[in-house]
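Chain by chain, the residues run as shown.
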Amino acid sequence: MCGFTKEARSIVSSAAAVNVPVKTLLLGMGNAILCDDAVGIRLAKYLGERLAHAPGLSVLEECSVGGLNILEVVTGFDRLIILDSIKTSGGNPGDWYRFSGESLRETMHLDSVHDANLATALELGRKLGIKLPEDRDIHIFAVEVQDNITFSERMTEELERDFLQYAEEIYKEAAELVS
Amino acid sequence: MSRKISIDPITRLEGHGKIEIFLDDQGAVEDCYFQIPELRGFERFVVGRPIEELPRIVTRICGVCPASHHMASAKAVDGCFGNEVPPLAHKLRDMYYNAHYIHSHIAHFYALAAPDFVCGPDADPAVRNILGVVAKVGLEIGGKVIKSRAQAQEIQQMIGGRTTHLVWCLPGGVAKGLKKEDLEKIKPMVAELYDFTQFSLDLFRKIVLGNADYVNLILNGPYNLKIHSMGLVDENNAPNFYEGQVRVVDFEGNEICKYSPPEYFQFVAEHVEPWTYLKFPYLKKRGWKGFVEGIDSSIYMATPLSRLNVAERMATPKAQEAFEEMYKTLGGKPCQALMAAHWARLVEMVQNAETLQKYCADPEITGENYRVVPKQITGEGVGIVEAMRGTLTHHYTCDQNGICTSANLIVGTTNNNAPIHMATKKAVSSFIKPGIEPTQGILNLVEMAFRTFDPCFSCATHSLPGEMPLHVRIHKGGKVYREFRRCC
């Protein structure tokens, strides 16, 4: 298991310069009763507890909205850490990846299923003058999942078994961001 | 030698859908299947749980219309506890639900429908989205869209405590009432929302009705079906989204049936096909007659357009004006032009705003009698509401201890499964012809056929990249001879 996109740490310079805690939102995305789709929520709970004393950190463990709704959730924050699931072709369950907000731009031209997607919503919000985190301050950690269409309160075996391992790895990277 | 075109998965569609198109030697459409390959199993998942938990669980079925599931579930649970619900609780639920409708309809119209009309159905997919809409109509309108959606959400928050994953409805009513100070905050927002509904109608007139090609596409294109309409109505046969009777009217305007929620199984049955997991509801008393149009067909649709088709009038005055204008322009009522559903959403939104105005002026709305503790378990309940994308039925049974023993759900899109299949086939046959290669624009025209139903086949599944890319494969002689992707 590895984070294969090792981007440079972003620096939120404006806030750091005056020693004001950067307002960070830790966001768990997913559906708690949809098998592996819960992994983002489980991670947010784990990381939220581990990072409870990080300055300026807010945690939203369970966020199941997207599109234009997400604007209302992230407005006013300087930095965004998203914990989510991902399905890639040939990916191994439990592998995790790290993306930046800039990489989301690649999908900006897409429309979402019932709304605008995250990148489109953020772009629209910025055009409208809403205070939102810059792309470089959006950090996405996504765990490869196997089953996100079956109703279940447990994740699949591999994701349950290896949870502490990948959660700890992601925690270390998130801790660097908010320390 | 035949060839096959696969559109898999479909964009702008919740869940994984797939279209299989089979062409003959000349390139004409032989057949078309709209398939849903996912298996769900939610109805089994809830068996054995306390019945009062279901309204809190079912919101997780769908991140698109969680409030619809919450309301239908709450009403089914009310039935299991003998329907001891005070009138104020129904008013508050209805008030919440009308605000929910507004936020949902705004998102659908501006983020999903408008790109096809404002940017054009054959526009580059890179600009055919809400950013493209804002680029064309201006930032000011984009700001109004965002503000109005946020206001509708804030109203829900103040009434029900949450906008998503509600835990507000309880057996016997709701968990909290509406504070007087919150009502005072809601009133000016409702006034602005009403103005926004009028603004949206004006925009539709200018952009869609002002373009002869679009009007022609709506009225004379392949996007029409001679099938019947379903919708929830009040005692005056006006649309009601929260409660009433289900009315079904044929495409000539004659009432086929009208039933109360507990009677639903006498009127609706579900047909199964071996090539999809999703069932095909039909009018039970007519029997399954296949995917056929016509006055004797047993196929119905449950959409914003069908809700207006079954209505004899709107419940509020300005919505009535918009209703009359729409049908006058469309050449009469009922209307089979499926794309008119986008207009119907805007008409509904006017009624939603006027209904909110009515509740704002209701002196009882901030009252305290919003819940009673039920004294009995009667064991069975059926809750029906109009989800934004179709009639939604929840039917539960429980034992004497209130433990769920069965659950049956007929969701909005399931009602429309057969019409979506038929509309897609009709569009495919119209746009894909011998000698014409399926371009991105043509494929979008095909997708527009089912997008008008705003279909939703899954729940709040969320995995990156959070999109449903379009993958088209053309098969010839058993091999893929051409393949292209859009947005992936």
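Look a little higher up for the structure.
Everything numeric in this text was worked out from a predicted model, so none of it was measured.

Reading the values: rules and limits
Residues numbered from 1 in each chain as written. Chains lettered and ligands numbered in written order. Predicted model: local features only at pLDDT ≥ 70, side-chain atom pairs only at ≥ 80, totals over all residues. Buried ≥ 20, exposed ≤ 12 C-beta atoms within 10 Å, placed from the backbone. Helix = DSSP H or I, 4+ residues; strand = E, 2+ residues; numbered from the N terminus. Pairing = 2+ DSSP bridges. Axes fitted to C-alpha atoms, helices over the stretch in contact; angles between N-to-C directions. Parallel < 35°, antiparallel > 145°, perpendicular 65-115°, else oblique. Left-handed = near helix turned anticlockwise from the far one by under 90°. Contact = placed C-beta atoms within 7 Å. Nonpolar A, V, L, I, M, F, W, Y, C, P; charged D, E, K, R; others polar. Core = buried A, V, L, I, M, F, W, Y, C linked by C-beta atoms within 7 Å. Domains from an automatic or database assignment.

Residues and elements named next belong to chain B. In terms of burial, strand S12 (residues 380–387) is largely enclosed, as 7 of its 8 residues are buried. The sheet contact formed by S12 and strand S13 (residues 390–398) spans 8 bridges and is antiparallel. Bridging across to S13, Glu 380 finds its partner in Thr 397. Hairpin connection, S12 to S13: the antiparallel pair is bridged by 2 residues.

Residues and elements named next belong to chain A. Among the 7 residues of strand S5 (residues 138–144), 7 are classified as buried, and the element is accordingly described as predominantly covered. Along S5, one buried face is formed by Ile 138, Ile 140, Ala 142 and Glu 144 and the opposite face, lined by His 139, Phe 141 and Val 143, is buried too. Examined bridge by bridge, strand S3 (residues 79–86) and S5 share 7 bridges and lie parallel to one another. Its bridge partner lying in S5, Leu 83 is registered against Phe 141.

When two helices pack together, you describe them by how their axes are tilted relative to each other and by the distance separating the axes. Residues and elements named next belong to chain B. It is the contact of helix H4 (residues 87–119) with helix H12 (residues 341–360), at a shortest axis distance of 9 Å, that shows an interaxial angle of 150°. When the axis of H4 is compared with that of H12, the two are roughly antiparallel. Crossing geometry of H4 relative to H12 is assigned as left-handed. Between H4 and H12, the residues in contact are Lys 91, Met 95, Asn 98, Ala 99, Tyr 101, Ile 102, His 105, His 108, Phe 109 and Ala 113 and His 342, Arg 345, Leu 346, Glu 348, Met 349, Asn 352, Ala 353, Thr 355, Leu 356 and Tyr 359, respectively. The residue inventory of the contact of H4 with H12, partitioned by class, reads 11 nonpolar, 6 polar and 3 charged.

Moving on to the environment of A:Gly125. All names here are of chain A. By secondary structure assignment, the location of Gly 125 is in helix H5 (residues 118–127). Look at Gly 125 and you get buried, because 21 C-beta atoms sit within 10 Å. Spatially, the C-alpha atom of Gly 125 lies 6.9 Å from that of Leu 71, the residues being 54 residues apart in sequence. Excluding its chain neighbours within four sequence positions, the residues that come into contact with Gly 125 are Leu 71, Ile 130 and Leu 132.

Membership of the largest hydrophobic core comes to 187 residues, with the highest contact counts inside it found for A:Leu27, B:Ala340 and B:Val347. Both domain 1 (3–38 + 424–486) and domain 2 (43–371 + 411–415) of chain B contribute no fewer than three residues apiece to this core. Among all residues touching B:Val347, those that are not within four sequence positions of it are B:Leu308, B:Ala319, B:Ala322, B:Phe323 and B:Met326.

Residues and elements named next belong to chain B. Running from N to C, H4 and helix H6 (residues 139–160) cross one another at 160°; their axes reach a closest spacing of 9 Å. When the interaxial angle is binned, H4 and H6 end up roughly antiparallel. Regarding H4 and H6, the two cross each other, and that crossing is left-handed. Contacts between H4 and H6 involve Leu 92, Met 95, Tyr 96, Ala 99, His 100, Ile 102, His 103, Ile 106, Ala 107 and Tyr 110 on the former and, on the latter, Val 145, Ser 148, Arg 149, Ala 152, Gln 153, Ile 155, Gln 156, Ile 159 and Gly 160.

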